[in-house]
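# Breakdown of the fold
Here is how the chains run, residue by residue.
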Amino acid sequence: MSQRKAIRSIQEFVNLLRKEGELVEVSAPVDSHLEVAEIHRRVIERQGPALLFTNVIGADFPLVTNLFGTTRRVDLAFGGYPEKLMKEVAALPHTLMPPTPARLWEHRRTLFDLAKVGLKRKRFDPACTIDQPAKLSRLPLLQLWPEDGGHFITLPLVYTEHPQTKIHNLGMYRIQRYDDETTGLHCQIGKGGGFHLAAAKEMGVRLPVTITVGGPPALILSAIAPLPENVPELLFASFVLGERLSLMENPIGPYPLIENAEFTLVGEVDPNEMRPEGPFGDHYGYYSLKHNYPVFRCKGVVRRPGAIYPATVVGKPRQEDYFIGEYLQRLMSPVFPLVMPQVIDLWSYGETGFHSLASAVVQERYARECLTAAFRILGEGQLSLTKFLLLVDKRMDLTDIRAVLTYILERADFAKDLAIFSNTAMDTLDYAGPRVNHGSKGLLVGVGQPIRQLPREFTGDLPPHARKAVPFCPGCLVVEGDSYDHAKELPARLAQAESLRQWPLVVLVDNVEAATRNASAFLWTTFTRFEPAADIHAAHTGVHRNHVAFTPPIVLDARMKPWYPAEVETHPDTTRLVDQRWREYFPLAR
């Protein structure tokens, strides 16, 4: 990988992708209502190029999507510099301490690079245009799915400052356009922008907000990174850039502007003004439903010359967010042991929406030390939204879920190594819990020496209402059964079935072929459709020292439940339209 530094703007990135043969221009007229999103989904599924739409019906600006839809394009966006510097920084406590003149000289390049991290401020660029009043209908916002509540900004960088401390936060909260001057602001729990809004409400003041679209791709990383609370996201963006982040004066609002932003929406939120927002087909692959959220009132839009509107399309994994999240975890992994000393490695699975499942390699230098690491992970920033956590004590490729599960199932004593924490907060977008923002967490530990041999093939009969059984990995059997409505007691029956006695883990699904098609399908089906406190069953449960002790087989009920939102699906009319027009979009395609 090149040690080149990160890209400074979307326009610079578009030019680089064109030069690298990684971008295709679509000049045919396209509709931002469903059509663009379906074109994008087909292209990313084929690992195709970024798409520059120059003729979006009703919009005044070009639209670019799929900027980060492959590992190569992510690497082009950020270069090798951030990963190299992060590794060097992570090594400093071991290689620099205690500091001596010789050691300081040896690390002079790393220290010099760190000295570049910061912000620089400039006067407002008169080449930029200010549109007042705002007319958000000029922007090519997308509606991705048929049941979406409208058109959304899907790569918004929402900047706020705490009304008292002035500490800033940059978050990515989806933005639904209501009209030319108002939008929804989907501030979820556990997010810095939500904390700032709560503080403003307590003080009885409006909260200024700026929404940046475009700018250095490093801002996207910083907005979604699981940084500790009050770690400034703009400084992390500067770290990724390898230079000071350039801000400029804002003539129409109190917060500075990102110099290289394509568009910046400037306005404010009244904490007491709420409005229904959604539905929205999100990165879990289901619709998040309509709920009341704050209203953003836009005073004006600042845009740079030649502005290009960047967007992404979310839905069933893998989409662009998977590749960005994969890179972010790769970037952050060297510092996990610094922030959480017992944690050697950590991985959140993009196939599950990231928050539904994580695995960690932890130290077990004394009995149950692994729990210290677990509590540290579950108490750290956005990692605290993790629904299910797997722990191992051996270095391994955590992205290989079959290997991770096999290692754990060989070792887990379910009487003590499976723990459920009920009545916790839950990711706003995860509807497996009893109500929005509420749910539970699960923890499964596999450390030490193996205590069982795992079955690899299933033989025997299944109980009534169960039809097919397919092993996913040694010790884990996926079983297809009747729907939840028709067989609520099926998980309990499976846990008691003699034919399943040797299988420590059984996953009950609606469609076994779809769930076991590949590892991604298994992860998505299993971990987005169960809640630990409600959907874990066992052959026997008892209470020992106030801890619920489980006897395997452990059955996870990963069937769709009546209260779950629907999966996102393309409308048949959109499918036919894109089929018919494909040659118009890509006349040079073979």
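Let me sum up the structure you'll find in this document. (Residues numbered from 1 in each chain as written. Predicted model: local features only at pLDDT ≥ 70, side-chain atom pairs only at ≥ 80, totals over all residues. Heavy atoms only, no water.)

## Description of the overall build of the chain
Formally: Segments assigned H or I by DSSP are reported as helices when at least four residues long, segments assigned E as strands when at least two residues long, and all are numbered from the N terminus. Only C-alpha atoms enter the radius of gyration, while the globule expectation follows 2.2 Å times N to the 0.38, with N the number of residues. For each residue, the accessible area found with a 1.4 Å probe, counting protein chains only, is set against the maximum for its type, and the residue is called buried under 20%, exposed over 50%, and partly exposed in between. When checking whether two residues touch, look at their non-hydrogen atoms; a contact exists if any pair is within 4.5 Å. Note on areas: Shrake-Rupley, 1.4 Å probe, and residue coverage restricted to the protein chains presented here. Counted as positive: Lys and Arg. Counted as negative: Asp and Glu. His and the chain ends are not counted at all. Just so you know, the charge point we use is NZ for Lys, CZ for Arg, CG for Asp and CD for Glu.
Each helix and strand in the chain was counted, giving 19 helices and 28 strands. By the compact-globule yardstick of 25 Å for 590 residues, the chain fits well, its C-alpha radius of gyration being 25 Å. Viewed in the frame of its principal axes, the chain has a C-alpha envelope of about 75 × 70 × 55 Å. Expressed as a percentage of the 590 residues in the chain, the buried residues total 58%. A separation of at least 24 residues holds for 73% of the contacts in the chain among residues at least 6 apart in sequence. Put simply, the chain shows about 24300 Å² of open surface, and 51% of that area lies on carbon and sulfur atoms. Counting 65 positive and 67 negative side-chain charges, the chain places the centres of these two groups 4 Å from one another.

## Concerning the sheet that holds strand S2 (residues 50-53)
The line we're drawing: Here, any two strands with at least 2 DSSP bridges between them count as paired. Each axis is a line fitted through C-alpha atoms, taken for helices only over the stretch in contact, and angles between the N-to-C directions span 0 to 180 degrees.
Read from one edge of the open sheet, four strands run S1-S2-S3-S18, paired in mixed fashion. Strand pairing shows two members of the sheet lacking a second neighbour, strand S1 (23-26) and strand S18 (309-310), which therefore form its edges. Of the pairings in the sheet, the one linking S1 to S2 comprises four bridges and is parallel in character. Along S2, the bridge assignment pairs Glu25 with Leu52. Sheet strands touched by helix H1 (residues 10-19): S1, S2, strand S3 (63-65) and S18. Its angle to S1, the strand with the most contacts, is close to 105°.

## A short note on H1
Considered for burial, the residues of H1 that qualify are Ile10, Gln11, Phe13, Val14, Leu16 and Leu17. Looking one or two places after H1, you find Gly21, whose phi comes out positive at around 70°.

## Side note on the pairing of strand S23 (residues 438-446)
The buried fraction of S23 amounts to eight of the nine residues, a majority that puts the element mostly inside the structure. Bridge count between strand S22 (residues 418-425) and S23: six bridges; the pairing is antiparallel. Bridge assignment links Ala425 to a residue of S23, and that residue is His438.

## Focus on the pattern of salt bridges
So the rule is basically this: Only one rule defines a salt bridge in this text: a Lys or Arg side-chain nitrogen within 4 Å of an Asp or Glu carboxyl oxygen.
Tallied over the entire structure, the rule returns 41 salt bridges. The salt bridge partner of Lys316 is Glu569, with a shortest N-O separation of 2.9 Å. Of this pair, Lys316 sits in the loop between S18 and helix H10 (320-332) while Glu569 sits in the loop between strand S28 (547-557) and helix H19 (572-585); the two residues are 253 residues apart in sequence, bridging distant segments of the chain. Among the residues examined, Lys316 registers a relative accessible area of 24% and is labelled partly exposed. Classification of Glu569 as partly exposed rests on a relative accessible area of 45%. A salt bridge links Arg501 to Glu498, with the nearest nitrogen and oxygen atoms 3.1 Å apart. By relative accessible area, Arg501 is classed as partly exposed at 39%. The exposure class of Glu498 is exposed, given its relative accessible area of 58%.

## Digging into the side chain of Asp482
Which entries qualify depends on this criterion: N or O atoms within 3.5 Å of each other form a polar contact, as long as, within protein, one can give a hydrogen and the other can take it, and as long as residues adjacent in sequence are counted only when both atoms are side-chain atoms.
Relative to the helices and strands, Asp482 resides in the loop between strand S25 (476-481) and helix H15 (490-496). In terms of polar contacts, Asp482 uses its side chain to reach the side chain of Arg467, at 2.3 Å. The residues touching Asp482, leaving out its near neighbours within four places in the chain, are His465, Arg467, Ala487, Leu490 and Arg559.

## Here we look at the packing of aromatic side chains
Two aromatic rings are characterised by how far apart their centres lie and by the angle between their planes. Threshold: Paired rings are identified among Phe, Tyr and Trp, the last through its six-membered ring, by centres lying within 6.5 Å, and are further divided according to the angle between planes into stacked (under 30 degrees), edge-to-face (over 60) and tilted (the rest). For a Lys NZ or an Arg CZ to count as sitting over a ring, it must be within 6 Å of the ring centre and within 35 degrees of the ring normal.
Summed over all chains, the structure comprises 21 aromatic pairs. Aromatic pair Tyr286 and Trp524: ring centres 5.3 Å apart, planes at 15°, arrangement stacked. Linking Tyr286 in the loop between strand S15 (280-281) and strand S16 (287-288) with Trp524 in helix H17 (residues 519-527), this pair joins segments that are 238 residues apart in sequence. The exposure class assigned to Trp524 is buried, which follows from its relative accessible area of 12%. A cation over a ring is seen here: Lys387 above Phe530, with NZ or CZ 5.6 Å from the ring centre.

## What to know about the side chain of Arg303
Among the structural elements, Arg303 can be located in strand S17 (residues 291-303). Taking relative accessible area as the criterion, Arg303 reaches 16% and is therefore assigned buried. Here Asp131 takes part through its side chain, which lies 2.7 Å from a polar atom of the side chain of Arg303. Residues within four places of Arg303 in sequence aside, it is in contact with Phe61, Cys128, Thr129, Asp131, Arg138, Glu262 and Phe263.

## Side note on the sheet that holds strand S27 (residues 536-544)
Judged by pairing direction, the sheet is mixed, and its five strands sit side by side in the order S24-S25-S26-S28-S27 without closing on themselves. Lying at the two open borders of the sheet, with one neighbouring strand each, are strand S24 (466-473) and S27. Across the sheet, the axes of successive neighbouring strands diverge by a mean angle of 25°, strand direction being ignored. Relative to S28, strand S26 (residues 505-509) runs parallel, the two sharing four bridges. Note that in S28 the partner of Leu505 across the bridge is Ile554.

## Remarks on the packing of helix H2 (residues 35-45) against H19
Basically, it comes down to this: Each angle gets one of four labels, with under 35 degrees taken as roughly parallel, over 145 as roughly antiparallel, 65 to 115 as roughly perpendicular, and the rest as oblique. Three classes are used, and their members are as follows: Ala, Val, Leu, Ile, Met, Phe, Trp, Tyr, Cys and Pro are nonpolar, Asp, Glu, Lys and Arg are charged, and the others, Gly among them, are polar.
Remark: H2 packs on H19, axes separated minimally by 10 Å, with the N-to-C direction vectors making an angle of 70°. Taken as axis vectors, H2 and H19 run roughly perpendicular relative to one another. Note on element contacts: H19 touches H2 through Thr574, Thr575, Leu577, Val578, Asp579, Arg581, Trp582 and Tyr585, opposite Glu35, Glu38, Ile39, Arg42 and Val43. Here the contact of H2 with H19 is composed, by residue class, of six nonpolar, two polar and five charged.

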